[in-house]
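# Chain and residue survey
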Amino acid sequence: AARQGSSQPTVQGPLVIGHRGASGYVPEHTLMSYWLAIEQGADYVEPDLVSTKDGVLVARHENAIAIVNADGSIREATTDVAERPEFADRKATKVIDGVTITGWFTEDFTLAELKTLRAKERLPSLRVANTRFDRMFEVPTFEEVLNLVDQANERRRQRALAEGGPKAAAQVKPIGVYPETKHPTYFDGIGLSLEEPLVRTLN
């Protein structure tokens with residue numbers, strides 16, 4: 001409670017964060033997922049960031065873009081890389097932050113190679129409807145996510161300007177970006193530190 005004689009405290013509503021975008025509707029960490037989260041009213045979108053072989057930050061849940069079980073079946077995949085014979089030789093076993101994983105990893109692909117892959121629903125048994133969008137979307141870069149948010153903010157400003165004038169446009173609350181670096185210690189250890197490209201891209 002406010003002390004006697006002071007003004008009442010301002011109560012803010014909760015922030016809505018589009019965690020991995022609108023991942024309940026379309027495959028996570030795609031530009032469509034972030035766009036849909038913004039359209040649904042998110043205050044922020046939250047991309048998980050990992051690095052490519054050539055040091056570009058991309059949005060993926062983990063650096064493992066397909067994980068293989070001991071019997072050779074796919075345990076989890078956020079791309080169609082396991083179905084791409086030209087990348088069969090990229091399958092590797094690595095220790096990521098103390099966990100041994102066999103599969104395909106972003107740091108073994110250049111951005112140009114990753115851009116040939118297509119996103120898939122990471123949890124197809126849980127988010128069955130999302131599988132209808134498998135192979136429709138690219139793996140986005142962090143810069144592309146920022147550009148999407150910039151465009152959404154500009155559309156909001158233009159709409160407010162048209163409807164309420166300069167004062168209304170100045171009061172538009174911009175959509176923010178809430179980035180999360182994944183496995184930064186691991187990436188630092190292989191010479192692909194995430195912090196420098198993150199700060200450079202934000203600047």
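Right above here is the structure, for reference.
Please read these numbers as outputs of a predicted model, since none were measured by experiment.

## Some thoughts on the packing of aromatic side chains
Taken as a whole, this structure holds 4 aromatic pairs when the rule is applied. Their ring planes at 75 degrees and their centres at 5.1 Å tell us that Phe 87 and Phe 109 sit as a pair that is edge-to-face. Pair noted here: Phe 87 is in the loop between strand E6 (74-77) and strand E7 (92-96) and Phe 109 is in the loop between strand E8 (99-105) and helix H2 (111-114), with a separation of 22 residues, a long-range link. Residues Phe 87 and Phe 109 agree in their burial class; the two are buried. Sitting above the plane of the Phe 109 ring, Arg 90 keeps its charged end 5.1 Å from the centroid.

## Re the sheet that holds strand E3 (residues 48-51)
Taken together, 3 strands build an open sheet; the order of strands is E4-E3-E10 and the sheet is mixed. The strands lining the two open edges of the sheet, one partner per strand, are strand E4 (57-59) and strand E10 (180-181). When E3 meets E10, the two strands line up parallel, connected through 2 bridges. Each residue of the ladder has a partner; that of Leu 49, found in E10, is Thr 181.

## Some words on the sheet that holds E6
Strand order in the open sheet made by the 4 strands is E6-E5-E8-E7, with antiparallel pairing throughout. Looking at strand neighbours, the two that pair on one side only are E6 and E7, the edges of this open sheet. Neighbour-to-neighbour, the strand axes of this sheet turn through a mean angle of 40 degrees, independent of strand direction. Bridge count for E7 against E8 is 5 bridges, and the pairing is antiparallel. Counterpart to Val 95 in the pairing with E8 is Thr 100.

Parameters at a glance
Residues numbered from 1 in each chain as written. Predicted model: local features only at pLDDT ≥ 70, side-chain atom pairs only at ≥ 80, totals over all residues. Heavy atoms only, no water. Phe/Tyr/Trp six-rings, centres within 6.5 Å; stacked < 30°, edge-to-face > 60°. Helix = DSSP H or I, 4+ residues; strand = E, 2+ residues; numbered from the N terminus. Buried < 20%, exposed > 50% of the residue type's maximum accessible area, 1.4 Å probe, protein only. Lys NZ or Arg CZ within 6 Å of the ring centre and 35° of its normal. Pairing = 2+ DSSP bridges. Axes fitted to C-alpha atoms, helices over the stretch in contact; angles between N-to-C directions.

In short, shape yes, function no, at least from these values alone.
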